[in-house]
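Descriptive analysis of the structure
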Amino acid sequence: MASWLGGLGSGLGQSLGQVGDSLSSLTGQISSFTKDILLEGAEEVGDAATELHVSNSRLREIESINAAQKFENDRLKKVCSDLEEKHEAAELQIKQLSIEYRNQLQQKEVEISHLKARQNALQEQLQKVQTAAQNSQLGAGVLPAATASASYVPEVRHSSGFERDDMDFGDIIWSQQEINRLSNEVSRLESEVDHWKQIAVSSKVQGTNDAEQSEICKLQNVVKELRQNLSQEIDEHQHELSVLQDAQRQKLVEISRRHREELREYEERIEELETRLQQDGVSTDAMDDSKITEQKKKAQSLDGGQVEELRVVKDLEDEIRELNHKLSSAKAENKNLLKEQEFVKLEKTQIAQDYEKLKSDFNVLQRSVAEQDALLKEQKQLQSKTSLPQDVVSLQQALLEAENEIARLSSLNQGLEKELTSAQHKLENILSSNTEDQNSEINQLRQDLERKEHELDESVAERETLIAELEELDKQNQEATQHMITLKEQLSKQHTETDSIIKQLKLDIDYERKKVSELETEKTKTMKELESQKEKLSHCSYALNDLHVTKQELQDNIKDLQEQLRKAQDCNSQSKKEIGELQQRLKEREEQLHVSLSKLTEKSNEESTCQDLILKEREVEIAKLQSDVSENKQINEDLQKSLSNLRTENGKLIAAIEELKQDLNDAISEKKKVYLEKDTAVEALKMEKRQLESELNETEKRLLEQAHNYKQTIEELSNARSMDTTALQLEHERLVKLHQEKDFKIAELKRTIEQMETDHQETKEMLTTSLGGQKQLTDLIKEKEVFIEKYKNQALQVKQELEEYIKFSKKQDVLKQNLEEKDRSLAVMKEENNHLKEEIERLKDQQSRSTPGVEPKTLDIIIELESEVTQLKVIKNNLEEEIKVHKKTIEDQNQAAVKLQQSLQEQRKEIDESRFQCEQMNVTHERLFLEKDEEIRTLQRTIEQIKTQLHKERQIIQTDSSDLFQETKVQTLNGENGNEKHDLSKAEIERLVKGIKEREMEIKLLNEKNVSLSQQIDQLSKDEVGKLTRIIQEKDLEIQALNARVSSASYRQDVLSLQQQLQAYVLEREQVLAVLSEKTRENSQLKTEYRNIMDMVAAKEAALVRLQEENRRLSSRSENSSQDMSRETIQNLSRIIREKDIEIDALTQKCQTLLTVLQTSSTGADNGAGGVNSNQFEELLQERDKLKQQVKKMEEWKQQVITTVQNMQHESAHLQEELQKLQAQISVESDSTSRLQVDYNGLIQSYEQNEKKLKSFSQELAQVQHSIGQLYNTKDLLLSKLDLVTPSVATASTVSQLSGVQYSPPEALSEECKLLQKELEQLKKKLQEKDSTIRTLQENNQRLSDSVATASELERRSQEGTESEMRQIKEKHDVLQKSLREKDILIKSKSDQLLSVSENLSNKENENELLKQAVTNLKERNLILEMDIRKLKEENEKIVARCREKETEFRALQETNMQFSMMLKEKEFESHSMKEKALAFEKLLKDKEQGKTGELNQLLNEVKSMQEKAVTFQQERDQVMVALKQKQMESSALQSEVQHLHEKEQRLNQELERLRNHLLEMEDSYTREALAAEDREVKLRKKVLILEEKLASSSTAVENASHQASLQVESLQEQLNLVSKQRDETVMQLTISQDQVKQYALSLANLQMVLEQFQQEEKAMYSAELERHQKQSAEWKKKAENLEEKVASLQVSLEEANAALDAASRLTEQLDIKEEQIEELKKEGEIRREMLEDVQNKLMNLMNSTEGKVDKLLMRNLFIGHFHTPKNKRLEVLRLMGSILGLKKEELDQLLSEEQRGVTRWVTGWLGGGAGSKSVPSTPLRPTHQNIFNSSFSELFVKFLETESCPSLPPPKLSVHHLKPLGAAGTGKNSSTPPNSQMQDSPVSGMGRRPDANPFLAPRSAAVPLITPASSSGHLLMKPISDALPTFTPLPVSPDACAGAVLKDLLKQ
């Protein structure tokens, strides 16, 4: 199912991709079409000729667009057909799947129906059971329990519409879920049924069972209640615990805060006491020194002491009050704590009570369970299958859960007790410590007070108290040290916090990296946009180049066309002149004909002699005329051809011009788009709509006019058919046709000219509208021309790069050609395969015909063919591999393109940096100007009274400086821009040498960006300079205004001073300008250096990429070690430094205090002791100064070390990046070498295979040549044998004749019979021999030559034999002929094979040549790779040099680090010594007070301790040295790894050299790679072992956990045993607890309620699951709907595209329809012409046959009409007849004057003359005028004309088929005339029988032509109707009027 869906999805994806491609191409075409339409409006047209060209080119454009859209339509149709096929296949698959799913659904429906039936049955059973149970309960007198309602039957959504075709998968899934749900419900209902059955059975059997069941239900309810209570109590206990914990935390926080505050207060007190001690010490020392002065001053000192003591007492009283306050607060806290203790104890007692309650409940439950067990046992004994296992199991589970909860509660209680005890202990300790401290301090203070109240006189006691206080001070000092330790701990905590901050920073870095990845995706998008813009630019450049070339060509073409048009016009004028001359000739010939006719009538007697001569002359003349006509035709055809050629050339040229114009307009329009897109688009669309509509209307009008013209011509042609049968009139028709065609052409040309004029007017209007926009654009174009010149320079560079790229593309084309040739060779091989298969079939047929001797050869041929097929397959596989290789190369090129994109991004960064620098410069300039403004203000205050001379000087200075400033700034900016362009072009040229397509486009884009940036920078600089000049001008104006106020001669001294200040300012300004210029120079130099560095970096990027992979490995190793170590060392150093700083500060403070104490004490001491003390103190002071200096040095060192460490970190990161890049480069090189090796191996294999094939082909050729030679030999032998056989046959025939003659005598019969018998026997023997020889011949086809030789010998023997042998030989001869034919067939087949083999050979040679070319290409590639490798080597060396520099720096840093660590150790040692000295000072103070005896001992001890500390310091230094050595080892390891990388590079170089020598030696690299892979495998195995160890450890932990769990299980089992014992006890107690039956009944009711709750919960569960499934199905449906919407949107887009295509193709279709109509009309015209020619030929024949003949019918009608007319009017009839016959008036008068003779002569002459000739028949009488003999002949004739003028039939139709009756009419004239009897019958019947005989009865259009020649002689009746009177309308003639007069009028007209 999933595979099918995947296939369908892939098919849909492919089809949609095709559709998308087609749509994209379609949209591109539509966009180009719209562009062309928009640009048509902007065309400039100069002359009328160009307007003609424009209009024609528009038509051509539309045609080309039509063709393109037709092509698109075809392609889309193909795509649609493919999609339809895929759709059909998918529908078939879907149908199959739907059939399977329907079957499954039917099965599921059956299952559902079964399950529903079961459910219904079970529900019925349930209802029955429930009713039975209710009845039983009611009978027992128990409260009615609420039965489980059967209402819980979830509504099944059953869909009966499974038989639909459009079933979704969601419905199937839903049905499956429904089935599962129903099955679950059925199982549940079955369990309920079993339960109720058991209850019913138990209720039926025993009445007591009801009570037991009620008890069970009660127990269950009790259990549930207990559970709920337990859970509630647990929640309460947890809540209480959390509350207690929060309270304890708050109390601890408060206590600690108070403790800290107390400590601070104590410290302050200690400091005050110290100050007092010092004062007291001074006084006591003075007392000791001079006792006399003591006693004298005792009173004073006592008084002073009393005052002081009073103050101290006051202070102490204040302190006591504070202490009392603290005590009261502590007591309050104690009380609170005690209250809390009591509260906790109460809670404990409550928990214990709850626990006891739970235990009692548990005991009760155990008893009830025991009773239930006893009852169950009794029930089992009474009835089988009436137990309640489910209830027992549920109760047991409940018991277990209750026990678990009890155990958990007990553990919680124990935890609470422990926490309470610990809290009590803590509180007691805190209270005891607080109270002890406070009590001791209070007691001491009280003692001090008592002593100072009672013993003021005793100073010794004061000393003792002071000593005690000093001891207390020592204790407090110790406490302060402890406080320092706590501070250290706090610092460590802060350190941990800093670690956490560092982690957060790392997370931030990761986030920033993600942002960077997002930015990279954005960069890729921008690159795509750049590529699209590049494509546009390339199109524009190509178009511009093409335009310049095609302009000149078009101008030349236009000149040629103009010359050709002139020639054509001359030809036309000549043809017109010739036509006029021909017409004149025709007229002359017609006149001559009339003259000849008159002569003929005069010379009727001499007709018989002169007719032949006249006929010959006529024929000659006709031939001449025909030749002239044919010449005219040829001339016309030539003219038409030339016209058509000119038109085609014109059209081509116009199309070319329009394409050029379009390209120009494209180039211009891209510049105009910003300004004129909207307006021009709307206007152009409107105008084009109008144009298209007008063109459509004009074409329709044209077609209508053409149709009308064609109708007219058809009518004229049909009229021309019925003209007289003379050659002159036919030629006249032809000329008329030609004339009409010319008129048509002239009319078309006029229309085209009119169209051109209209188009010209429209274009003029468009131009007028666009002129306004173009004026604005001309300025822009001028600006853009400057850029175009720049682009031309860039284009030259691009051309050079293009040439290089073309070389590369040529190489690719060669490869593509190789591929194509290989594909062709494959196709050829396939064809050869087919040929060989056919030959094999032929050979098989020959085998079936011929003997089995042929089989081995055919088998060999088949084997060879199979081998060839396998070889061909191998070749095919090789070709496929080569194709893969080419694909890989394409991918490599894509990677190179990605690298280029990176370089682009870097260049962008450079541009941004340059912008930033410009902004900084602007900021600095603004600052400078602000400073100058301030200076000018100061000058304004001072310069209020200066002369105007100073003003002029100042102006000059300012203008010069400003000009200088502007010039320098512009120069610097221009220099920067130039440097940027130069460096960028260099870098790009270096990269473009590699020959990749996309770089050309990138260069153009970068140049554009550079130009735009330079413009921006120039604009910015211009704006800034403009602003600055404005500011300066404003300031100058202000200065001038101030100068105007200044008085002339009042302050000369001020003027001098101000001049000096001015000079100073000028100097300062010059200095500032010099500084600025230096800064700008430095900036430009830095920029150039930066760009050079960037070039270097870009060149070395490839080298760095190689090192990346190895760097990753190194980083994976070294990151874990080096980074952690460096971080730890830095952290330790920083921590140590902080500690030392703190210690130093503390020690300095102590030293200062001690110095003050010593100075005060030394004043009153002895001289000797004082000297010692002063020396010691001087030494100490010197040491302190030294220490301070050392501390300063340490701090400096610390800063240096921090900076060096930071630099080291940065450098290590850079080194790691470089290493990674190098690794990546190495991997790329290895991949390329491996690919090259694979390619080379494949080529070598293919080359060897080709050589083998050549050898095999040469062997086959030799074999075939040998077999052909053998066959030729056998053929020659057979031919010689045939020559021998033929004479023997002739002799045999003669012998047979003789024997027939001799057979007659009866004497010789017996002898001859005997002879014949002998001969027969001999012949039989010879026959057997011949059969054997034939068999041998058949078996040994290969040895034909030998068998033929034996046959020839046997034939010679048989020739010596008799005649009967000859007959057998004939038969054998026939057999041999058959065999010969077979051999000929074989020879032909072999020759075909030879030809095929030769073709194969030629193909193989071609393939060999191709392979040689491929080998040469590979060699060239190898050379290129070697060049690349050399470059990489150079880059590697550079990187190695860098690495060495970095190593030296690293070593220097290590040395500095070592020095720093040594300094640190020394500083630590010094700080320790300072500490010890401070301690020594303190001890000295104490000893001074006691006595100066133990000073030396103390000093010795201090020296010993100092020595021990020195030893410890040395040990620490050794440890640090070890750590440093480790660091050095790590650095050496890194160096070794770098060396390893270099070795790897050397190895790769060696491998490349091996490739140069021979690529087969690359197997070593494969083995090395295999070893590397093995190493990786070993590493991975190690990792696996580590993971296995971890697994083992985790498994041990799991085992421990399982062991603990087993112990817990054992304990639980012991508890279970106890529970079972308790259960036995409860069984005993159950007998007592029968009184609780009623309660159990109530519990049963509760249980039923619980059951209902359970059912509701299950319902809720099921409903939730249903909702979830429904949501899932809804989501799936939503997804399906979304997909459908997407499909619909795609379809809509397709429909839109199709609609656009349809709209575009409608015009083309309409044009095609019009063209087709024109072609059809032309065809009809040609058919009509052919018909006309046929008719003309027939008319010529008729003319030849009926020349000089008169129709019988006409003469008969005239004769009858003569007798019908009255005798008065007969003379008119006779004159009419004479005029018809062509008699002159004189002859008629002579004939009519002789009345008697005339009639007889007329009649006899007429009948005699008319017998041999036919003329045009007259009309018979109509039925309306049958017997009107009174009317004259002229009246009848007029009436006939009147009747004929009314058209009876409709006019002829246009089609060719409707013209057939006319042809029939024409042929009907040849039919024989009927007899007079038929004519005397009714004329209607005559018409019916013979409708075609009479031309007067034919339709008007067929009988009478409308157009008459201008000079046509003959009778009036024979003339056609003139143009002035196309048809005779019936004239209103009165019967009284004379008919003759009317006729005369008509004849006159």
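Parameters at a glance
- Residues numbered from 1 in each chain as written.
- Predicted model: local features only at pLDDT ≥ 70, side-chain atom pairs only at ≥ 80, totals over all residues.
- Heavy atoms only, no water.
- Helix = DSSP H or I, 4+ residues; strand = E, 2+ residues; numbered from the N terminus.
- Contact = heavy atoms within 4.5 Å.
- Areas by Shrake-Rupley, 256 points an atom, 1.4 Å probe, with all protein chains shown as cover.
- Patch = residues over 30% accessible without salt bridge, like charges linked within 9 Å, V, L, I, M, F, W, Y side chains within 5 Å.
- Salt bridge = Lys/Arg side-chain N within 4 Å of Asp/Glu carboxyl O.
- Core = buried A, V, L, I, M, F, W, Y, C linked by side-chain atoms within 4.5 Å.
- Buried < 20%, exposed > 50% of the residue type's maximum accessible area, 1.4 Å probe, protein only.
- Expected span 1.5 Å × (residues − 1).
- Lys, Arg positive; Asp, Glu negative; His and termini not counted.
- Charge placed at Lys NZ, Arg CZ, Asp CG, Glu CD.
- Axes fitted to C-alpha atoms, helices over the stretch in contact; angles between N-to-C directions.
- Parallel < 35°, antiparallel > 145°, perpendicular 65-115°, else oblique.
- Left-handed = near helix turned anticlockwise from the far one by under 90°.
- Nonpolar A, V, L, I, M, F, W, Y, C, P; charged D, E, K, R; others polar.
- pLDDT = per-residue confidence, 0-100.
- Phe/Tyr/Trp six-rings, centres within 6.5 Å; stacked < 30°, edge-to-face > 60°.
- Lys NZ or Arg CZ within 6 Å of the ring centre and 35° of its normal.

1. As for the overall build of the chain
On a plain count of helices and strands, the chain comes out with 30 helices and 0 strands. Of the contacts formed within the chain by residues at least 6 apart in sequence, a portion of 89% connects residues at least 24 apart. As displayed, the chain has an accessible area near 124000 Å², and 55% of this comes from carbon and sulfur atoms.

2. Some points on a nonpolar patch on the surface
Taken together, the side chains of Ile501, Ile502, Leu505 and Ile509 make up a nonpolar region of the molecular surface, amounting to roughly 330 Å² of accessible area. Within the element layout of this structure, isoleucine 501 appears in helix H7 (residues 459–602).

3. Points about the side chain of serine 55
Relative to the helices and strands, serine 55 is located in helix H2 (residues 48–140). Other than its neighbours up to four places away in sequence, serine 55 contacts Met756 and Asp759.

4. Remarks on the nonpolar core
Residues Leu115, Leu122, Leu126 and Trp196 are the most contacted members of the largest nonpolar core, which totals 13 residues. Of all the elements in the fold, those that place two or more residues in this core are H2 and helix H3 (169–205). Of all the elements, H3 adds the most residues to this core, at 7 residues. Setting aside residues up to four positions removed in sequence, leucine 126 forms contacts with Leu189, Glu192, Val193 and Trp196. Grouped together as the second largest cluster of nonpolar side chains are 12 residues, Leu219, Leu365, Leu395 and Leu399 included.

5. A look at the pattern of salt bridges
This model, assessed by the stated rule, comprises 34 salt bridges. Between arginine 188 and glutamate 192 there is a salt bridge; the shortest N-O distance is 2.7 Å. Of the two residues, arginine 188 and glutamate 192 both sit in helix H3, 4 residues apart, roughly one turn of that helix. Residue classification places arginine 188 among the buried residues on the basis of a relative accessible area of 10%. Of the charged contacts, one joins glutamate 401 and arginine 227 as a salt bridge, the two residues approaching to 3.2 Å between their closest N and O atoms. Of this pair, glutamate 401 sits in helix H6 (residues 389–454) while arginine 227 sits in helix H4 (residues 208–289), and the two are 174 residues apart along the sequence. Residue glutamate 401 is classed as partly exposed on the basis of its relative accessible area of 37%.

6. Details of helix H22 (residues 1770–1781)
In this model H22 runs 16 Å from its N-terminal to its C-terminal C-alpha over 12 residues, within 8% of the 16 Å that 1.5 Å per residue would give. Those residues of H22 that fall on the buried side of the exposure criterion are Arg1770, Val1773, Leu1774, Leu1776, Met1777 and Gly1778. Within two residues after H22, glycine 1782 carries a phi angle of roughly 85°, on the positive side.

7. Points about a negative patch on the surface
Together, Glu267, Glu268, Glu271, Glu272, Glu274, Glu436, Asp437 and Glu479 make up a negatively charged patch on the protein surface. Going through the elements one at a time, H4 and H6 are the ones with two or more residues in the negative patch. At 5 residues, H4 tops the list of elements feeding residues into the negative patch. In this structure, glutamate 274 sits in helix H4.

8. Brief notes about the packing of helix H21 (residues 1752–1764) against H22
Following both chains from N to C, one finds H21 and H22 inclined at 165°, their axes separated by 9 Å at the closest point. By the angle class used here, H21 and H22 are roughly antiparallel. Our pair here, H21 against H22, has a crossing hand that is left-handed. Where H21 abuts H22, its residues Leu1754, Leu1758, Phe1759, His1762 and Phe1763 lie against Arg1770, Val1773, Leu1774, Met1777 and Ile1780. Grouping the constituent residues of the contact of H21 with H22 by class yields 8 nonpolar, 1 polar and 1 charged.

9. Section: the confidence of the model for the chain
Model confidence for the chain is summarised by a mean pLDDT of 77, while 77% of its residues fall at 70 or above. Considering only residues more than four positions removed or in separate chains, one finds that residues 1288–1306, a stretch of pLDDT under 50, has 11 contacts.

10. Focus on a positive patch on the surface
Together, Arg1113, Arg1576, Lys1579, Lys1582 and Lys1583 make up a region of like positive charge exposed at the surface. The dominant element in the positive patch, judged by the number of residues it contributes, is helix H19 (residues 1563–1630), at 4 residues. Relative to the helices and strands, arginine 1113 resides in helix H13 (residues 1052–1163).

11. Remarks on the packing of aromatic side chains
The full count for this structure, using the stated rule, is 4 aromatic pairs. Seen in terms of ring centroids, phenylalanine 1759 and phenylalanine 1763 are 4.6 Å apart; in terms of plane orientation they differ by 75°. Their pairing is edge-to-face. Here phenylalanine 1763 and phenylalanine 1759 lie together in helix H21, a separation of 4 residues that amounts to about one turn. Against the face of tyrosine 266 rests lysine 326, its NZ or CZ located 5.7 Å from the ring centre.

12. Thoughts on the packing of H22 against helix H23 (residues 1785–1793)
Between H22 and H23, the least distance of the axes is 10 Å, while the angle of their chain directions is 140°. Considering only the axes of H22 and H23, their crossing is right-handed. Of the residues in H23, those touching H22 at Leu1771, Leu1774, Arg1775, Gly1778 and Ser1779 are Leu1788, Asp1789 and Leu1792. For the contact of H22 with H23, the residue count by class is 4 nonpolar, 2 polar and 2 charged.

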